[in-house]
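The primary structure of each chain is shown beneath.
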Amino acid sequence: MAASARVAIVTGAARGIGAATAVRLAREGFAVAVCDLDEAACAGTVRAVEENGGRALAVGVDVADAGLVKAAVARVAAELGPPLVLVNNAGILRDNLLFKMSEDDWDAVMSVHLRGAFLMSRAAQAHMTEAGWGRIVNLSSVSALGNRGQANYSAAKAGLQGFTKTLAIELGRFGVTANAIAPGFIATEMTAATATRVGADFEEFKRAAARQIPVRRVGVPEDIAGVVAFLVSDDASFVSGQVLYVAGGPRA
Ligand code: NAP
C-alpha cells in the first residue's frame, strides 16, 4: 500500500508533541486528522501541515467521551479515508501529593489518558483490521516509573504500557502493531505549566532539568515526532508491544 494512501489520527494535536507529530506524519505522506478538544485550536497545526504540502483535517473531540470518539473516527473515515495510524497523545496533568489529591484529579487524568486511549483505539482498530495493516502509538512517560506528585499520572502512564502490550498481542494477527513511547522532559506548554505551578522560571527550569539528563539538553516535540514516524513506518513492522524511552538517557 502506498504511504500516500494512509490516514493518521493524532489526538491532542493542537500543540506540543501532538502538533509536531501531525506535521512530521504529513511529511511522511500521511493525510492527518488533527484532533483536539477545541476544533478551532487545531487551525495552527492544520496550517503548518498544509504549508508543508500535506493534507489535514481539524476534528474537535474529547477523547474521554465515547459518543464523540465514535463520531470523530467516523468523520475522519468519511472525509479523509480509513484511519490506519492512531497516535494517542492527548494528555493532561493534575499533579498533587497523594494526601492532597482529589477524586477529580484522579478521575480526570485516568479519563483522558486511559479511557481516551481505549476509546480511540477501539474505534480505530476496526479500520486497521479491515485493511490488514495498522499502527497504534501510545504516549506513556518516564513518570510511569514513579514520580513525586503524580500518583494519578504515573499510574495512567504505566497503565498505558500494559494496554499497549495487550493491543500488540490481540491485533498482531491483523497486521496491526502497537507500541508506546515514554518521553522524558520535553519543552511544551505542559512542562511550562509545571514550572509555573512550582514557581520557577521556565528557562531556568529547563536548564536545571538538562543538567540531570545524560545528553545535557531537554527534549523538543520533534524528538518524539521522529520516533513516532519510525514506529508507524513499514521498517517497524516487526516491532510491537514495546515501550521506547525517549529521554536523552536510560531514564530522565
Ligand atoms: P500539551 O502541550 O499540554 O498538549 C496536550 C494537548 O492535549 C492539548 O492541546 C490539550 O488540549 C489536549 N487534550 C487534553 N485533554 C484532551 C481531551 N480530553 N481530548 C482531546 N484532547 C485533549 O502536552 P504535551 O507536552 O505535548 O504532551 C503530549 C503527550 O505526551 C501527553 O500525553 C503527555 O502526557 C505526554 N508526555 C509529555 C511529556 C513532556 O515533557 N511534555 C513527557 C512525557 C509524556 P487543551 O489545551 O484544550 O487542554
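Residues numbered from 1 in each chain as written. Predicted model: local features only at pLDDT ≥ 70, side-chain atom pairs only at ≥ 80, totals over all residues. Heavy atoms only, no water.

Caption draft 1: Unusual backbone geometry, seen in detail. Look at R216: it is not a glycine, yet its phi comes out positive at around 60°. With respect to the element layout, R216 can be found in the loop between α7 (202–211) and α8 (221–231). Look at R216 and you get exposed, because its relative accessible area is 55%. (Helix = DSSP H or I, 4+ residues; strand = E, 2+ residues; numbered from the N terminus. Buried < 20%, exposed > 50% of the residue type's maximum accessible area, 1.4 Å probe, protein only.)

Caption draft 2: Main features of the UniProt feature "domain: Ketoreductase" (unreviewed entry) in the protein. Within the UniProt annotation, "domain: Ketoreductase" (unreviewed entry) is assigned to residues 6–184. Strand forms 20% of residues 6–184 and helix 47%; the C-alpha atoms that close the span are 29 Å apart. (UniProt positions renumbered as here; feature names shortened; annotations may be inferred.)

Caption draft 3: Here's a closer look at the site of the ligand. In the vicinity of the ligand there are 29 residues, among which R15, D36, N89, Y153 and T188 approach most closely. Between the ligand and D62, the relevant distance is 2.8 Å, taken from a nitrogen atom to a side-chain nitrogen or oxygen of the residue. Within the side chain of T188, one N or O atom sits 2.5 Å away from an oxygen atom of the ligand. Listed by contribution, the elements that provide at least two residues to the shell around the ligand are α1 (16–27), α4 (103–131), α5 (151–171) and α6 (189–197). (Near = heavy atom within 4 Å. Polar contact = N/O pair within 3.5 Å; in protein donor to acceptor, adjacent residues only side chain to side chain.)

Caption draft 4: The arrangement of the sheet that holds strand β2 (residues 31–36) in detail. Spatial ordering of the open sheet is given by β3-β2-β1-β4-β5-β6-β7, a layout of 7 strands whose pairing is parallel. The open sheet has two edge strands with one neighbour each: β3 (56–60) and β7 (243–246). For this sheet, the mean angle separating the axes of adjacent strands, direction not counted, is 20°. Seen against the sheet, helix α2 (residues 43–51) touches β2 and β3 and runs at an angle of roughly 170° to β3. Across the sheet, helix α3 (residues 66–79) is in contact with β1 (7–11), β2, β3 and β4 (83–88); its angle to β3 comes to roughly 160°. (Pairing = 2+ DSSP bridges. Axes fitted to C-alpha atoms, helices over the stretch in contact; angles between N-to-C directions. Contact = heavy atoms within 4.5 Å.)

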